[in-house]
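Chain and residue survey
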Amino acid sequence: MDLSTCYCRNRHCRRYGQSGSGARLESVGWHRGARRWKCLECGHRFSSRAGTAYAGIRTPEGIYRKSIHHLAEGVSIRATGRLMEIDKDTVCRWLPGVGRHCRRLRMYF
């Protein structure tokens, strides 16, 4: 992940949306394998996964990434769960978030 693209996610912050050196972010540790940041302007804390398809996912990234790849290739939800040795309901829970993220990407481009 390119950490220079992280920015304060607080819409009321003066530095909202500014990335790179203009962001004024401080690393405050890790949570579930993702770096956490604190905005030095407003004090808002957030994960580097915020706003990505990985936001809120508790499954290890490798399993999640492979599962989404299977779904994109047309493998059914049940078969994806069986192949990745995870519950099919977990795969179902991921679909709305992945769909929203894909839609935002498509609208951006």
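Scoring rules and cut-offs
- Position numbers for residues start from 1 in each chain and track the written sequence from start to end.
- Residue-level local features of this predicted model are given only where pLDDT is at least 70; pairs of side-chain atoms are given and counted only at 80 or more, and the full residue set underlies all totals for whole chains, interfaces and linings.
- Excluding hydrogens and water, the side-chain values take into account all heavy atoms of the structure.
- Here, strands pair whenever DSSP counts at least two bridges between them.
- Secondary structure elements are defined from DSSP: runs of H or I of at least 4 residues count as helices, runs of E of at least 2 residues count as strands, and each element is numbered from the N terminus.
- Axes here mean lines fitted to C-alpha atoms, for a helix over just the part in contact, with angles spanning 0 to 180 degrees between N-to-C directions.

A closer look at the pairing of strand 2 (residues 34-39)
Where strand 1 (residues 25-31) meets strand 2, 5 bridges bridge the pair, whose relative direction is antiparallel. By the bridge assignment for strand 2, Glu26 is matched with Lys38. Count of turn residues in the strand 1/strand 2 antiparallel hairpin: 2 residues, of which Arg32 carries a positive phi of about 50°. Alignment of strand 2 against strand 3 (residues 45-47), held across 3 bridges, turns out to be antiparallel. In the sheet register, Lys38 faces strand 3, and the bridge partner there is Arg45. Where strand 2 hands over to strand 3, the hairpin turn is made up of 5 residues, of which Gly43 adopts a positive phi near 85°.

Things to note about the sheet that holds strand 1
Taken in spatial order, the 3 strands make up an open sheet running 1-2-3, and their pairing is antiparallel. Both outer strands of the open sheet, strand 1 and strand 3, are each paired with one neighbouring strand and no more. For this sheet, the mean inter-axis angle between neighbouring strands, taken without regard to orientation, is 30°.

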